[in-house]
Amino acid sequence: MTKIIMAKRVAVIGAGSSGLTSIKCCLDEGLEPVCFESSDDIGGLWNFKAQPEADRCSIYRSVIVNTSKEMMCYSDFPMPDHFPNFVNNSTIMQYFRLYAEHFSLLKHIHFQTTVRSVRQRPDFSNSGQWEVVTVDRGGREETHVFDGVLVCAGHYTQPIKPLSDFSGIDTFPGTIIHSWEYKDPDPYLGKRVVVVGIGNSGGDIAVDLSRACEKTFLSTRKGAWVIGRVVDRGLPLDMIMMTRARDLFYWLLPRALLNLIWERTLNQRHDHKLYGLQPVHRILDQRVVINDDLPGRILLGELVMKPNVQKFQGSTVVFDDGTVEEKIDAVILCTGYDYRFPFLPTSLSSGSDGDLKLYRRIFPPSLERPTLAILGLIQTKGPIMPAAELQARWATRVIAGLNHLPPAEKMDKTIEKHVQANLKSYPWPKVAALQVDHIPYLDAIAKEVGVCPNIAWLLLRDPAVGFRVFFGPCSPYQFRLNGPGHWSGARQAILTQWDRVAKPMKTRPIPEPSSFSLFFWLGLSGGAALIFALMAMRMIPLFLNSD
């Protein structure tokens, strides 16, 4: 008699960038995914809505991604070559639909279905199963049993509005909103607006407003280092900067020297002190602000930099340096987000701030059985999508029983070490826990899955690919060259990534040498990186003998 083994059922909460790849990874590992999405469409954060919805991510109309298409795509599904290198929300939504259709993911998604609670079953210590309660669009409540749960609900859902930090705020007659509520500059045409906070959203919104407002003021407590999306020769910033060779080179050099080099480089483009941007922190201590237009708007006088807001006196705003701006019509708070997952057991949270203690930012070590994972709950100086995809590949293999986690004690020590390392730059432990170094984090997860590229082996067996993997962009395709989930198109995707960079810009015929692609790659990426590596190797003896 044939024994029938039922596939493990896995609940996927959310159908955004993390949720979509989680569904696919479940299918790849022989699991049965059931995805619950509270909205009427896929896309999560990138699903633009004219009105923000409670407990959901929200974006403004003009938003453009800060990472290039080659670096942020899924590892076995490159973005179409005609897509621009930096896409807007409607274009990335097109990409999500192409991905979902190609891998037949939509049939596994229950739209307009909200997850009310996720609780361990009474026999959890043996079964590892979860009881998930959902409510559909008609208000019908249903209870499901799952062998695993993947939480992909996003973490830009709870706007932080520190109104109590501003004396006299209750006397301000104008409008005060958080960037979570901001959609476009139309309501602020001809008005005087103060934007508080200079993260990526603060910079974007201030630039957006400066084209419509009578005057826009950008208030910052600490300042920021600002860099554009493109670097030398107009190439994508992340494709040039995020390479394994550079990471090695930076690791070899003293941090103080790297700070000096980077700060000098950025100040040559625009003097941060002159532009009122000079931050209190060193450039490597916190994330830079990526914005192509901010310095230009300051130069034109349409955007005015200001220190921290000290107090409000009616429609007058007083800043820490004693300067005053009158007749302010609106204030937009770009003061960040908190996160919470109210449907999860409170036992998973640690401390009064509701932090989630997670091994490798994925698994709660407190669970007896590792059948719940939280994906995408990280902050990195690179694209999140490739990291979330690797997280999903690992999590589904753990749920399927193909990979195993270390003992809880070891996971706890790893978590504590990670948080302590980040506390200097991010004093709030909950924020410090979210920070990861992009390439090291990708490699750490990839090693767990068994897909981390072996550079030495690649250089010997396939030098063309090995050279590009080490000296070139750390693009997601590297994690499909071998091991579980191997994709036969990964090699070609790596060899042609610069062609896809060039394709959308080839809109006017210009004669090119036949060796354009090779020069484009070797001359710009490999050559420079090789020089850096050789310099580093020559410096090693000096560092070793420096004492």
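Counting restarts for each chain, with residues numbered from 1 along the sequence as it is written. Whole-chain, interface and lining totals are the exception, using all residues; otherwise, since this is a predicted model, local features are given only for residues with pLDDT of at least 70 and side-chain atom pairs are given and counted only at 80 or more. Excluding hydrogens and water, the side-chain figures rest on all heavy atoms present in the structure.

Q: Before we move on, can you summarise the side chain of D208 with the specific residues and values?
A: In DSSP terms, a helix is any run of H or I states spanning at least four residues, a strand is any run of E spanning at least two, and both are numbered starting from the N terminus. Tracing the backbone shows D208 in helix α5 (residues 200-210). Buried charged residue D208 carries no salt bridge. Nearest counter-charge: R211, at 5.1 Å. With residues near it in sequence (within four places) discarded, D208 still touches S62, Y182, D184 and P185. Throughout, exposure labels follow a simple rule: accessible area from a 1.4 Å probe, protein chains only, divided by the maximum for the residue type, with under 20% read as buried, over 50% as exposed, and the rest as partly exposed. Only four residue types enter the charge count, namely Lys and Arg as positive and Asp and Glu as negative; His and the chain termini do not. Each reported salt bridge corresponds to a side-chain nitrogen of Lys or Arg within 4 Å of a carboxyl oxygen of Asp or Glu. The criterion used for residue contact is that any of the two residues' heavy atoms lie within 4.5 Å.

Q: Go over the sheet that holds strand β10 (residues 192-196), please, and point to the residues and values.
A: Spatial ordering of the open sheet is given by β9-β18-β10-β11-β14, a layout of 5 strands whose pairing is parallel. Two strands lie at the open edges of the sheet, namely β9 (175-178) and β14 (303-306), each paired on one side alone. Within this sheet the neighbouring strands show an average axis-to-axis angle of 20°, counted without direction. In this analysis an axis means a line fitted to C-alpha atoms, helices contributing only their contacting stretch, and an angle means the value between N-to-C directions, from 0 to 180 degrees. Together, β10, β11 (215-219), β14 and β18 (330-333) form the strand contacts of α5, whose direction differs from that of β11 by roughly 165°. At least two bridges found by DSSP between two strands is the condition for calling them paired.

Q: Would you mind going over a nonpolar patch on the surface in detail, with residue names and values included?
A: Without a salt bridge and with relative accessible area above 30%, a residue can belong to a patch; like charges are then joined within 9 Å and nonpolar side chains (Val, Leu, Ile, Met, Phe, Trp, Tyr) within 5 Å. In short, Shrake-Rupley with a 1.4 Å probe defines the accessible areas, and a residue's cover is counted only from the protein chains shown. On the surface, L257, L260 and I261 cluster together into a nonpolar patch covering about 260 Å² of accessible area. Residue position: I261 is located in helix α8 (residues 255-269). For I261, a relative accessible area of 40% gives the class partly exposed.

Q: Which residues make up empty space enclosed by the protein, and what values do they have?
A: Every definition here rests on a 1 Å grid over the protein atoms only: cavities are sets of points where a 1.4 Å probe fits but cannot get out, pockets are open sets enclosed by protein on both sides within 12 Å along at least five of seven lines, and lining residues have some atom within 4 Å of a point. Grid points are joined across faces, edges and corners, and a volume is the space filled by probe spheres set on the points. The tally for this structure, following the rule as stated, stands at 2 cavities of 30 Å³ or more. If you add up the space inside the largest cavity, you get close to 80 Å³. Residue lining of the largest cavity: 13 residues in total, with N47, K49, R56, C57 and S58 positioned closest to the centre. Three categories are distinguished: nonpolar for Ala, Val, Leu, Ile, Met, Phe, Trp, Tyr, Cys and Pro, charged for Asp, Glu, Lys and Arg, and polar for the others, with Gly belonging to the last. Along the lines of polarity and charge, the residues of the lining of the largest cavity split into 5 nonpolar, 4 polar and 4 charged. Considered as a void within the structure, the second largest cavity measures approximately 60 Å³ in volume. Lining the second largest cavity are C25, D28, E29, R393, T396, R397, V449, R480, P484 and G485. When the residues that make up the lining of the second largest cavity are grouped by side-chain class, the tally is 3 nonpolar, 2 polar and 5 charged.

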